[in-house]
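The primary structure of each chain is shown beneath.
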Amino acid sequence: MNELSSIAAAMPGVLHGSGGAPGIVSGPAFVHAPRAFATAATGDVAAALGLLSRTQHDVAARLQQRAATLREQAQAREAAIFDAHGALVHDAALTGRVERYLIGGVSLPLAIDAAVAEMTALLESLGDEHLRERAADVRAIGEMLRGALNGGARWVDAVPPGAIVIAHDLTPADTFDLRAVGAAGFATAYGGPNGHTAILARSLGLAAVVGVGAALLTLADDTPLLLDGAARTLWVTPSAATLEEAGRRQKLLRARQDAPRDAAPGKMRDGHEVALRANIGRPEEAEAARAAGAMGVGLFRSEFLFFDRPAPPGEEEQRAAYSAALRACAPHPVVIRTLDVGGDKPLPYLPTPAEPNPVLGTRGLRLCMRHPALFRTQLRALLRAALDGELWVMLPMVSSIEDVAWGRGELQAAAAALAEEGVPHRADVRLGITIETPAAAAIADLLAREAHFFSIGSNDLAQYALAADRSDGLLAASYPAASPAVLRLIAQAAAAARAAGIPVALCGELACDPAVAPALVGLGVGELSMSAGLIEPIRARLAELTLEEAEAIGRSLAQLSDR
Ligand code: PEP
Ligand code: MG
């Protein structure tokens, strides 16, 4: 227990979460309570139409405001996107369809969904690239209207700089926006330590506590708060002494984080080396990874380039982003994971089928199979960027040999097209896979023949192996990722990789748990990848042990009998 958490245990007004993102911050509470709206029809069509009209007006005004701000900053191209969306909000075809559903007895939110689905299906069926783009715009408008009905077109704009946001849960896009508006941090009632909200907060350097429980939602706006993400603790109306103590620790933390280090592997007491790499979501974070002593990037979650915008980034924009990360880390590798959306990371402009179980549905590589043009653009950008450093491409959500074969075929096709067009690129990049489905772990020996490297995604592997939703904090407490079942799958995948002579890393949140990281190394994982700020504590923990001791910890946690 660290100093702050021992204070926490001794005083009232202290709340604990199931996970967090490091950082010590204090500030007033900003409570984000989404306005609940009924999905059942009220039968009052006139009232619903009035609400629709007011909502359209609010959303359009907000879009105009954004466009004006962008024009002031000489960003005319971006401003034009908001202008076009502003015009589309009042589109007669969309409004007419919503009205028809309302008259048919459907509630307003569902009427908007149904109208958007109908219009986008029509636009997409016409097979014209321009109309397909327009379908994405309609989908974005639908999202905005739904968002506005559900508590504000962009509620984050109301967050005052320096506030600590209190919420039921946050989407990755909200989390991203919170940093942009200068929030000090956030606490959520729900969400688990391995959910994307917590992961994103760690990668953005936004202090957070997640999974605090329903008690959190009783806090009022402006309540003074102190949040320590590493201690997963939130102090409500902290005393002057607690704040002073926190300030002292915050200074120490900053001084430690700011000291640049040389990129070097973690060294165990007996000299055994473990490559320590960083997880990033944006190219800018690669510099911080380097300064933190990371040997490159073990996971670049490329989907973060695709969030919070009306349309996907184009080939050149992506190439520039990947190149920047590769240049910052050269000569060390940067593992760029291809687009991993769907599941708990939907994209407003990508048509995803309505699925009862999205996490078991069309996510990751499966979604790319449905949108080959989007995937091909990313692969072209990657192969062009590969000239600027050591690129390893990684496919997410693999569960069969056919999945890898499809990904490799697409990569080869992208390289062939670039060669034919005479566009400079590198075709000889390594192609690896994430081991994050139990299926992939089960056939790891077969997959190891098809891949240049493995990276174990323990967040999803645990969720699928334990049949426990990773974003559910309560379940996470009963079914922790470091359970024997998951650790045995990890050991199995690591053994298959070693037998095939390919590198095996782990890039899930288990890698940054000091109690578990040695066990992973002991079970055969050769590289660990985590948020840059957590590399130092893991380095220090590994230095305390020999490989033999780590193997004993691994066997013990996996409950494998001693050999
Ligand atoms: C994982 O599943 O462990 C992983 C690293 O990927 P993500 O958390 O982005 O799903
Ligand atoms: Mg995953």
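Structure report, in brief.

Of the regular secondary structure elements, the chain holds 22 helices and 17 strands. Each principal axis of the C-alpha distribution contributes one length, and for the chain these read about 75 × 70 × 45 Å. Put simply, the chain has 563 residues, and 53% of those count as buried. Residue pairs in contact within the chain that sit at least 24 positions apart in sequence constitute 68% of those at least 6 positions apart.

Near ligand 1 lie 14 residues; those nearest to it are Arg301, Arg337, Gly457, Asn459 and Arg470. A distance of 3.1 Å is found between an oxygen atom of ligand 1 and a side-chain nitrogen or oxygen belonging to Glu436. Within the residue set of the shell around ligand 1, elements represented by two or more residues are helix 8 (196-204), strand 11 (297-301) and helix 17 (458-465). Its residues assigned to classes, the shell around ligand 1 shows 3 nonpolar, 5 polar and 6 charged.

Another point: the nonpolar core. One finds Leu178, Phe454, Ile490 and Leu528 to be the most contacted residues of the largest nonpolar core, which totals 119 residues. When residues no more than four places from it in sequence are discounted, the contact partners of Leu178 are Trp155, Val156, Val159, Val165, Leu170, Ala183, Phe186 and Leu206. Leu52, Ala67, Phe82 and Leu94 belong to the second-largest nonpolar core, a separate cluster that totals 25 residues.

On to the side chain of Thr188. Following the sequence through the fold, Thr188 ends up in strand 5 (residues 185-188). Discounting chain neighbours no more than four positions away, the residues touching Thr188 are Ala167, His168, Asp169, Leu170, Val209, Val210, Gly211, Val212, Gly213 and Leu216.

Our focus in this paragraph is the pairing of strand 13 (residues 390-395). Among the 6 residues that make up strand 13, 5 are buried, leaving the element largely enclosed by the rest of the structure. Note: strand 12 (residues 333-337) against strand 13, 5 bridges, orientation parallel. By the bridge assignment, Ile336 is partnered in strand 13 with Val393. Note: strand 13 against strand 14 (residues 430-435), 4 bridges, orientation parallel. Bridge pairing links Leu395 to Ile433 in strand 14. Remark: the strand 13/helix 14 (residues 401-421)/strand 14 crossover connection has right-handed handedness.

Where helix 11 (residues 315-329) meets helix 13 (residues 372-385), the closest approach of the two axes is 8 Å, and the angle between their N-to-C directions is 40°. For the element pair helix 11 / helix 13, the angle class is oblique. Where helix 11 crosses over helix 13, the two elements pack in a sense that is right-handed. Contact residues: Glu315, Glu316, Gln318, Arg319, Tyr322, Ser323 and Leu326 in helix 11; Thr377, Gln378, Arg380, Ala381, Leu382, Arg384 and Ala385 in helix 13. Within the contact of helix 11 with helix 13, the residues separate by chemical class into 5 nonpolar, 4 polar and 5 charged.

Here we take up the coordination of the magnesium ion (ligand 2). Within the protein, the magnesium ion (ligand 2) binds to Glu436 (OE) and Asp460 (OD); these donor distances fall in the range 2.1 Å. A residue pair is termed long-range when its members are at least 10 positions apart, and Glu436 in the loop between strand 14 and helix 15 (438-442) and Asp460 in helix 17 qualify at 24 residues. Note on accessibility: Glu436 and Asp460 belong to one class, buried.

The 8 strands lie next to each other as 1-8-7-3-4-5-6-2, forming an open sheet whose pairing is mixed. Both edges of this open sheet fall to strand 1 (14-16) and strand 2 (19-21), since each of them pairs with a single strand only. Averaged over all pairs of adjacent strands, the angle between strand axes in this sheet comes to 25°, irrespective of strand direction. Both strand 3 (residues 24-32) and strand 4 (residues 164-167) contribute to a ladder of 4 bridges, which runs parallel.

Conventions used here
- Each chain carries its own residue numbering, running from 1 in the written order of its sequence.
- Numbering of ligands from 1 and lettering of chains from A proceed in the order in which they are written.
- The model is predicted, so local features are restricted to residues of pLDDT at least 70 and side-chain atom pairs to those at 80 or more, both for listing and for counting; the totals for chains, interfaces and linings are taken over all residues.
- Each side-chain value is worked out from all heavy atoms of the structure, with water and hydrogens disregarded.
- Helix numbering and strand numbering both begin at the N terminus, where a helix is a DSSP run of H or I of at least 4 residues and a strand a DSSP run of E of at least 2.
- Exposure categories follow from relative accessible area, calculated using a 1.4 Å probe and restricted to protein chains: below 20% of the type maximum is buried, above 50% is exposed, and the middle band is partly exposed.
- Residue contacts are counted whenever heavy atoms from the two residues lie within 4.5 Å of one another.
- A single heavy atom is enough: if one lies within 4 Å of a molecule or strand, its residue is considered near that molecule or strand.
- For the purposes of these results, a polar contact is taken to be a pair of N or O atoms within 3.5 Å, where, inside protein, one atom must be able to donate a hydrogen and its partner to accept one; residues adjacent in sequence count only when each atom of the pair is a side-chain atom.
- Charged means Asp, Glu, Lys or Arg here, nonpolar means Ala, Val, Leu, Ile, Met, Phe, Trp, Tyr, Cys or Pro, and polar covers whatever is left, Gly included.
- Grouping buried Ala, Val, Leu, Ile, Met, Phe, Trp, Tyr and Cys residues that are joined through side-chain atoms within 4.5 Å yields what is termed a nonpolar core.
- By definition, two strands form a pair when at least two bridges between them are found by DSSP.
- Clockwise travel from the first strand over the helix to the second, with the strands pointing away from the viewer, marks a crossover as right-handed.
- With axes taken as lines fitted to C-alpha atoms, and helix axes fitted only over the stretch in contact, angles between N-to-C directions fall between 0 and 180 degrees.
- Just so you know how the angles are binned, under 35 degrees is roughly parallel, over 145 roughly antiparallel, 65 to 115 roughly perpendicular, and the rest oblique.
- By convention the crossing between two helices is left-handed if the near helix lies anticlockwise of the far one by an angle smaller than a right angle, and right-handed if it lies clockwise.
- In this analysis a donor is any N, O or S atom within 2.8 Å of a metal ion (3.2 Å for sodium, potassium and calcium), and since water is not included, sites may seem incomplete.

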